[in-house]
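A structural walkthrough
Below, each chain spelled out in residue letters.
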Amino acid sequence: MQALVRSPRFSAVALLTAAVLGLVVANSALGPGLERLLDAHSPWGAVGLDLSVSHWISDGLLAVFFLLVAIELKQEVVDGELSNPKTAVIPAIAAVGGVLVPAVVFLVVTTGTPYQHGWPIPTATDIAFALGVLAMFGRGLPSTVRVFLLALAVLDDLIAIVIIAVVFAHGTDLTALGGAAVALLVFAVLGRLLRPGRSGQGWIIAAMVLVGLVTWWLVYHSGVHATIAGVALGLVLPRRPGHTLHERVEPWSNAIVLPVFAFASAAVVIPSVGIGELSPTFWAVVLALPVGKVIGITLFGSVATRVFRAPGRSTLSFGSIVTVGVLGGIGFTVSLLMNELAFARNEEVLDEGVLAVLVGSGIAMVASAVVVSLRARRYRARRELSEAEATE
């Protein structure tokens with residue numbers, strides 16, 4: 001069962017199902033009740049946590065997802081594809097292109113409007129969804145395609161983390177931020193004391209959970225988005241405990257955290273307006289995700305491949321880079337979070353942004369399924385021909 005929940009295919013299907021269900025319920029007779037539930041506030045206002053259910057999901061629950069992202073990022077940097085600068089430079093440049101071009105497309109479409117601050121929305125790639133589509137339709141593709149996509153998506157997540165921490169910080173409280181840094185140091189020390197597999201370490205784990213919650217609370221009150229606490233905790237966690245934590249928490253993230261976030265984020269009422277009355281934000285996201293991403297990743301990735309090509313080192317073909325670029329257009333999870341952060345005070349545009357992320361990512365999903373299937377079929381045919389010639 002755990003093997004199924006860990007698979008990229010399960011994660012992609014669960015995310016898509018939850019998002020569609022959220023959209024359907026919000027536009028049904030159950031919609032008003034769901035809205036009241038998501039707007040209901042917790043009874044913990046006395047400790048500075050007067051958050052609605054919706055905010056508990058995006059600020060609290062999603063921090064678990066970012067914790068896992070940070071652990072995976074650290075593993076890739078320490079001993080993965082990103083550990084060697086010579087192999088990391090090409091996906092790094094492609095990732096930059098996959099952020100810059102969609103942002104430019106968004107700014108061009110929204111120029112002269114008060115919505116330009118939403119430019120981060122189409123810059124993200126949903127690593128779980130992209131890998132899931134690749135796993136479902138990419139049987140026969142060389143492993144280098146998945147490795148390149150994984151490296152690019154991890155770097156893309158890193159850029160998204162920086163954007164969330166810098167662009168969407170508001171009224172930063174340096175005292176709370178300093179307290180979070182101290183708590184983070186304590187968490188790191190406790191992590192070094194932890195020896196996975198040994199008995200009698202329950203107190204260390206309990207202390208780490210408590211310090212982790214305190215870190216999240218302080219980051220929340222600092223004005224920096226609370227999910228950054230998950231990132232920081234994942235980065236300071238030593239490799240072995242980090243690997244163990246990732247192994248144990250990933251199934252819960254795939255089965256609960258991400259689907260619940262997708263359901264809550266997609267639970268918006270479809271605006272009863274004509275296509276021509278939709279805001280520029282809608283069109284900017286719908287265009288920037290499936291088009292801007294593929295152009296940015298393909299252009300920058302192709303140039304980087306030519307500039308940094310090294311003898312004896314395999315590089316992706318132009319077609320494979322395009323394939324990764326199309327997959328990169330699936331924004332979904334982080335794009336939904338970016339939209340929420342950008343338009344939290346404009347409910348109408350916020351709802352249109354959610355729909356735009358779903359439509360843009362949906363277009364990218366369909367395009368990815370077609371492109372990946374065609375590429376995989378071509379590779380399988382080539383392999384079968386080579387095997388047939390070898391037996392003659």
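Note that the structure is predicted; figures quoted are calculated from it, not measured.

Attention now goes to the overall build of the protein. Tallying secondary structure elements over the protein gives 15 helices and zero strands in all. In terms of overall dimensions, the protein is globule-like: its C-alpha atoms have a radius of gyration of 21 Å, near the 21 Å expected for 392 residues. With the principal axes as the frame, the protein shows a C-alpha extent of 75 × 60 × 40 Å. Across the 392 residues that make up the protein, the buried fraction comes to 50%. Accessible surface, the protein: about 18200 Å² in total, of which carbon and sulfur atoms supply 67%. Of the charged side chains in the protein, 24 are positive and 24 negative, and the gap between their average positions amounts to 14 Å.

With respect to the helices, strands and loops of the structure, Thr323 is situated in helix H13 (residues 318-328). According to the relative accessible area criterion, Thr323 is buried, its value standing at 2%. It is 6.3 Å that separates the C-alpha atoms of Thr323 and Val371, two residues lying 48 residues apart in sequence. Residues within four places of Thr323 in sequence aside, it is in contact with Val371, Val372 and Arg375.

Take the nonpolar core next. Grouped together as the largest cluster of nonpolar side chains are 110 residues, with contacts concentrated most on Phe65, Phe66, Phe129, Phe332 and Met338. Once residues lying within four places of it in the same chain are set aside, the contact partners of Phe332 are Leu15, Ala19, Asp126, Phe129, Ala262, Val357, Leu358, Ser361 and Met365.

Here the focus is the confidence of the model for the protein. Model confidence for the protein is summarised by a mean pLDDT of 86, while 93% of its residues fall at 70 or above. At the low end of the mean pLDDT range in the protein sits helix H1 (residues 2-6), at 72; at the high end sits helix H12 (residues 280-307), at 94.

In this section: unusual backbone geometry. In this structure, Phe332 takes a positive phi of about 50° despite not being glycine. Among the structural elements, Phe332 can be located in the loop between H13 and helix H14 (333-342). A residue is classified by how much of its surface remains accessible, and Phe332, at 2% relative accessible area, is buried.

Let us now look at the packing of helix H11 (residues 239-266) against H14. One way to put it is that H11 packs onto H14 with a least axis distance of 10 Å and a crossing angle of 45°. Accordingly, the angle class assigned to the pair H11 and H14 is oblique. Between H11 and H14 the crossing geometry is left-handed. Contact with H11, carried on its side by Leu258, Phe261 and Ser265, involves Thr333, Leu336 and Leu337 of H14 and no other residues of that element. Tallied by class, residues from the contact of H11 with H14 come to four nonpolar, two polar and no charged.

Bringing the packing of helix H5 (residues 85-109) against H12 into the picture now. Running from N to C, H5 and H12 point in directions that differ by 150°, and their axes come no closer than 6 Å. Taken together, H5 and H12 sit at an angle that is classed as roughly antiparallel. The way H5 lies across H12 gives a crossing that is right-handed.

With that settled, the discussion passes to a nonpolar patch on the surface. Judged by side-chain polarity, Val109, Ile275, Trp283, Leu287, Val291, Ile295, Leu299, Val303, Val307 and Phe308 come together as a nonpolar surface patch covering roughly 860 Å² of accessible area. At seven residues, the largest contribution of residues to the nonpolar patch is made by H12. Relative to the helices and strands, Trp283 resides in helix H12. Judged by relative accessible area, Trp283 falls into the partly exposed class, the value being 36%.

Next up on the list: the packing of aromatic side chains. Geometry of an aromatic ring pair is reported as the spacing of the ring centres plus the angle between the planes. Across all of its chains, the model carries six aromatic pairs by this definition. A centroid spacing of 4.9 Å and a plane angle of 70° characterise the contact between Phe129 and Phe332, whose relative ring orientation is edge-to-face. Here the residue Phe129 occupies a position in helix H6 (residues 127-137), and Phe332 occupies one in the loop between H13 and H14, the gap between them amounting to 203 residues. Pairwise contacts between aromatic rings join Trp56, Trp216 and Tyr220 into one cluster.

Close approach of charged atoms allows side chains with opposite charge to pair. Following the criterion strictly, the structure yields one salt bridge and no others. One salt bridge in this structure joins Asp156 and Lys293, with 2.7 Å as the shortest N-O distance. Placement of the pair is Asp156 in helix H7 (residues 143-167) and Lys293 in helix H12, with a sequence separation of 137 residues. Take Asp156: its relative accessible area is 1%, and that puts it in the buried class. Residue class for Lys293 comes out buried when judged on its relative accessible area of 0%.

Along the chain, the position of Ser58 falls in helix H4 (residues 53-79). Classification of Ser58 by relative accessible area gives buried; the value is 1%. Aside from chain neighbours lying at most four places away, what touches Ser58 is His225, Thr227, Phe261, Leu337 and Glu340.

Take Asn254: it is sitting in helix H11. Leave out the neighbours within four places in its chain, and Asn254 touches Val5, Arg6, Phe10, Ser11, Ala14 and Pro259.

Definitions and cut-offs
Residues numbered from 1 in each chain as written. Predicted model: local features only at pLDDT ≥ 70, side-chain atom pairs only at ≥ 80, totals over all residues. Heavy atoms only, no water. Helix = DSSP H or I, 4+ residues; strand = E, 2+ residues; numbered from the N terminus. Rg over C-alpha atoms; globule rule 2.2 N^0.38 Å. Buried < 20%, exposed > 50% of the residue type's maximum accessible area, 1.4 Å probe, protein only. Areas by Shrake-Rupley, 256 points an atom, 1.4 Å probe, with all protein chains shown as cover. Lys, Arg positive; Asp, Glu negative; His and termini not counted. Charge placed at Lys NZ, Arg CZ, Asp CG, Glu CD. Contact = heavy atoms within 4.5 Å. Core = buried A, V, L, I, M, F, W, Y, C linked by side-chain atoms within 4.5 Å. pLDDT = per-residue confidence, 0-100. Axes fitted to C-alpha atoms, helices over the stretch in contact; angles between N-to-C directions. Parallel < 35°, antiparallel > 145°, perpendicular 65-115°, else oblique. Left-handed = near helix turned anticlockwise from the far one by under 90°. Nonpolar A, V, L, I, M, F, W, Y, C, P; charged D, E, K, R; others polar. Patch = residues over 30% accessible without salt bridge, like charges linked within 9 Å, V, L, I, M, F, W, Y side chains within 5 Å. Salt bridge = Lys/Arg side-chain N within 4 Å of Asp/Glu carboxyl O. Phe/Tyr/Trp six-rings, centres within 6.5 Å; stacked < 30°, edge-to-face > 60°.

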